[in-house]
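Here are the chains, one letter per residue:
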Amino acid sequence: MKTFNKNFASKFALAAYLALGTLAVTSCNKDTQNGQEVPNGKAQVIVRIAGISDGEEIKTKGSNRGSSAQHNLQLVQSNGFDALIGVDNQLPVSEIATADQSGIKAANGTRAASPVATGTKYRLFLYKKNGTDYTFEKSVELSAGTETPVSVTDGATYKWVALSYNSTTTQVPEMQNIALPGNTDVLRATNEFTVSGTAVPINVNFSRVFARIGIELNTMGMFAPINSATVAVTGNNAKTGTLDVATGTFVGALTDVTTALTYADFVTAPGSDGQQKIAYYYTADQTQQSLNVSVSALKIKLENGTERSFGATLTRGQVITPERGKNHRFLLGITESPLTYGGVQWSRSNLYYQAGYNPYRFYHFNQPTTDAKSFFSYGAAKPGVLGTYASPKDPCALVYPAGLWKTPAKADLDPINSNGLTGLLGDLDLNVLGSTIDVLVNAQNLLAANVTGASSPAGAGYSEFTPTAGVNTAYGAATSATNKLRFNFNGFMRDLSLVEDLITLDLGTTGGKYTAFWTNDRSLLSPLEPIAGLGVTHYLGNRYAGALGTGIGAGYKGFRSTNILGITLLNSVNVIKSSLMNVRCVRNGAWNPNAAGYNPNPVLPN
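About the cut-offs
Residues numbered from 1 in each chain as written. Predicted model: local features only at pLDDT ≥ 70, side-chain atom pairs only at ≥ 80, totals over all residues. Heavy atoms only, no water. Helix = DSSP H or I, 4+ residues; strand = E, 2+ residues; numbered from the N terminus. Areas by Shrake-Rupley, 256 points an atom, 1.4 Å probe, with all protein chains shown as cover. Phe/Tyr/Trp six-rings, centres within 6.5 Å; stacked < 30°, edge-to-face > 60°. Buried < 20%, exposed > 50% of the residue type's maximum accessible area, 1.4 Å probe, protein only. Contact = heavy atoms within 4.5 Å. Pairing = 2+ DSSP bridges. Axes fitted to C-alpha atoms, helices over the stretch in contact; angles between N-to-C directions. Core = buried A, V, L, I, M, F, W, Y, C linked by side-chain atoms within 4.5 Å. Disulfide = S-S within 2.5 Å. Salt bridge = Lys/Arg side-chain N within 4 Å of Asp/Glu carboxyl O. Polar contact = N/O pair within 3.5 Å; in protein donor to acceptor, adjacent residues only side chain to side chain. pLDDT = per-residue confidence, 0-100.

**Digging into the overall build of the protein**
Then, number 1: Each helix and strand in the protein was counted, giving 4 helices and 39 strands.
Then, number 2: In the form shown here, the protein has an accessible surface area of approximately 24500 Å², with 51% of it arising from carbon and sulfur atoms.

**So, the packing of aromatic side chains**
Then, number 1: Using the criterion set out here, one finds 24 aromatic pairs in the structure.
Then, number 2: Taking the centre distance of 6.4 Å and the plane angle of 20° together, the rings of Y263 and F266 count as stacked. You'll find Y263 and F266 in the same group, each marked buried.
Then, number 3: Of the aromatic side chains, those joined through ring pairs into one cluster are Y341, W346, F465, F487, F489, F517, Y539 and Y556.

**A look at the environment of G241**
Then, number 1: Note that G241 resides in strand β17 (residues 238-244).
Then, number 2: Sequence separation between G241 and D256 is 15 residues; the distance between their C-alpha atoms is 8.8 Å.
Then, number 3: Setting aside residues no more than four positions away along its own chain, G241 makes contact with I178, A179, L180, F250 and L254.

**A short note on the sheet that holds strand β18 (residues 250-257)**
Then, number 1: On the basis of which strands lie adjacent, the open sheet formed by 3 strands has the order β12-β17-β18 and antiparallel pairing. Across the chains shown, the open sheet's two edge strands, defined by having one partner strand only, are β12 (177-179) and β18. Taking each pair of neighbouring strands and ignoring which way they run, the sheet shows an average axis angle of 25°.
Then, number 2: Strand direction decides the pairing type here: β12 and β17, joined by 3 bridges, are antiparallel. Looking across to β17, one finds that A179 is bridged to T242.

**Overview of unusual backbone geometry**
Only a minority of non-glycine residues have a phi that is not negative, and only a minority of peptide bonds are not trans.
Then, number 1: Along the chain, Y400 connects to P401 via a cis peptide bond; the corresponding omega equals -10°.
Then, number 2: Structurally, the position occupied by P401 is in the loop between β30 (387-388) and β31 (405-406).
Then, number 3: Although it is not a glycine, F223 adopts a positive phi angle of roughly 60°.
Then, number 4: Mapped onto the fold, F223 is located in the loop between β15 (211-221) and β16 (226-234).
Then, number 5: Of note in the backbone geometry, N358 takes a positive phi value of approximately 50° without being a glycine.
Then, number 6: Counting through the fold element by element, N358 comes out in the loop between β27 (351-353) and β28 (360-362).

**Let's talk about the nonpolar core**
Then, number 1: Counting residues in hydrophobic clusters, the biggest one holds 36 residues, and the most contacted among them are I215, V231 and L332.
Then, number 2: Of all elements in the fold, only β7 (81-88), β15, β16, β20 (276-283), β21 (289-301), β23 (314-320) and β24 (327-336) reach the threshold of two or more residues within this core.
Then, number 3: Broken down by element, the residue count for this core peaks at 5 residues, all from β21.
Then, number 4: For I215, the contacting residues outside a window of four places in its chain are V233, L261, F266, K277, I278, A279, L291, V293, F330 and L332.

**Points about the pairing of β20**
Then, number 1: In terms of burial, β20 is largely enclosed, as 7 of its 8 residues are buried.
Then, number 2: Sheet analysis places strand β19 (residues 267-268) next to β20, joined by 2 bridges and oriented antiparallel. Bridge pairing in β20 links T268 to K277.

**So, the pairing of β24**
Then, number 1: Among the 10 residues in β24, 10 count as buried, and that is most of the element.
Then, number 2: Judged by which residues are buried, β24 turns out to be covered on both faces: N327, R329, L331, G333 and T335 on one side and H328, F330, L332, I334 and E336 on the other are all buried.
Then, number 3: Pairing analysis gives 8 bridges linking β7 to β24, with the strands arranged antiparallel. Bridge assignment links L84 to a residue of β24, and that residue is G333.
Then, number 4: As judged from the 8 bridges shared by β15 and β24, these two strands associate in the parallel manner. Looking across to β24, one finds that L217 is bridged to L332.

**So, the state of the cysteines**
Then, number 1: Tallying each qualifying case throughout the model produces 1 disulfide.
Then, number 2: Bridging C396 to C585, the disulfide has an S-S length of 2.1 Å. With the S-S dihedral at roughly -85°, the linkage between C396 and C585 falls on the left-handed side. Of this pair, C396 sits in the loop between β30 and β31 while C585 sits in the loop between β38 (580-581) and β39 (586-587), and the two are 189 residues apart along the sequence.

**A look at the pattern of salt bridges**
Then, number 1: Following the criterion strictly, the structure yields 12 salt bridges and no others.
Then, number 2: Notably, a salt bridge pairs E141 with R123, separated by 2.9 Å at the nearest N-O pair. Here E141 is found in strand β9 (residues 133-143), whereas its partner R123 is found in strand β8 (residues 121-130), with 18 residues between them in sequence.
Then, number 3: Its relative accessible area of 7% is what places R123 among the buried residues.
Then, number 4: The partner of D412 in a salt bridge is K406, with the nearest N and O atoms 4.0 Å apart.
Then, number 5: It is possible to trace a salt-bridge network through shared partners that takes in D88, E216 and R329.

**Here we look at the environment of D185**
Then, number 1: Positionally, D185 belongs in the loop between β12 and β13 (187-194).
Then, number 2: Accessibility expressed as a relative area gives 9% for D185, which makes it buried.
Then, number 3: Note: C-alpha distance between D185 and R212 (27 residues apart in sequence) is 7.6 Å.
Then, number 4: Every residue in contact with D185, bar those within four places of it in the chain, is listed here: S164, Y165, N166, R208 and Y282.
Then, number 5: In this structure the side chain of D185 is engaged in a polar contact, spanning 2.8 Å, whose partner is the side chain of N166.
Then, number 6: A distance of 2.8 Å separates polar atoms of two side chains, one belonging to D185 and the other to R208.

**Focus on the confidence of the model for the protein**
Then, number 1: Averaged over every residue, the pLDDT of the protein is 82; the share at 70 or more is 78%.
Then, number 2: Every residue in residues 57-70 is under pLDDT 50, and counting partners more than four places away or in other chains gives 28 contacts.

Okay, here's the thing in structure tokens:
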């Protein structure tokens, strides 16, 4: 039997492993505690698994999980894509089949950070108190999701320890000093209880014994699952050791563990649609290590089922100091590279909203479309609905990583605008006035020069520009729609006859004739401002056939235009009544991934 002194044990950092659970004896009749049924019987312990604490602050339902400070997050340019690189503690929470889906909570009332799979094996060690000493009494093999009563002595005080290899097949041995298997997710929880007849079950909230380091490769910024890649990892130094079960401390020297990681070790994060893959390793060593990851031959699956391949090799290093019981993430977030023209970095295609995982996306193929998912009102976070006057949103900022993209400013349109009098005419609201638009645009076409650098073949249904940077063979030929800065004549919905929560898209005669997309600039020169409430600048382009069909002055014309916005009360909320247009995003020069509290995952609207 193992006996240890309570005062001696208290010298160790037991608090790091406390599950804050309680154990109890059953009463003569069935009872409930916190909504959980307690079985009948003699003095016994009923154990239930709450989950795994990841060493981070756990907040209650309705709040965002606490985030650790980012360390040197940076956007790195590669060949055909960019990558968000950095170290943090934000590994995705698993969404596996849990031991109890009813919402078991730890004794402090908070939900455990990560669930435990049903059938996960663990061993419960019981130490009976004798004076100031605790003597090992017994251990029992248990499984998550199965409640097996464990007999105890009525009136006695016990210290308990739960230990698991987080496995449904491998059980912890009945030993007091256990040589832990290397690179294994070892879990431990401990607390005390006194058998006093109070019918309260235990909720075990495990902590990790080792530091868990996850290398996350994600293509969320490319809006596509990863089909394959070649990944090489170096510097991932892992160690294990012998654990004193009762105290939770390591005994003797740590030993090295081989942890060779390749792409085959990367598993898809649950619910990520294949866009997040993570490889883990576990270590008892808490000394600083320099981790290097190389990614090459990346292939992603596009929206039409075809594959896009990148031949570039990205190699980056980060310094990590592991801490037992905590998560550490090496993030490589691959994002689509922009096309640069006139000093502005543009997305390769329009924004659209796809309900579900990672909903804000750019089309993989920049083709003409009447897809309702890509037509937004001004200030709305979702297509086909109206924005609110009090808090207009920028949907571009909701593309992963958060804030890297933005809706263009008025000044961003300068390189794709016609020269002449039209800038003033646009700001004076003279080109979007219901059914008069064709007449007024043609009036401007007469006055305006063709847009410098634009190509708009007759009947093509688009205008395009040749970028000065961003062209890459991964996106096809240099003349492809995603290697040219192409603006398709998708049209727009000019007038909303009714103010509604959900609008049916009607492009009228604008489809195939105009390209139109929003800016984030309100118009201050509008003479109708006091009447209409406000106006906002957008871009309006078309191919002009020439004066009176003569071909004189024919070519592509692009204008800064103003859309009259009406403020209307809808369901007691002031909403903005506007046209529906496309959204074309540009890179945000003010984006700072190292700002305090920054999280690359956007805060999505309801």
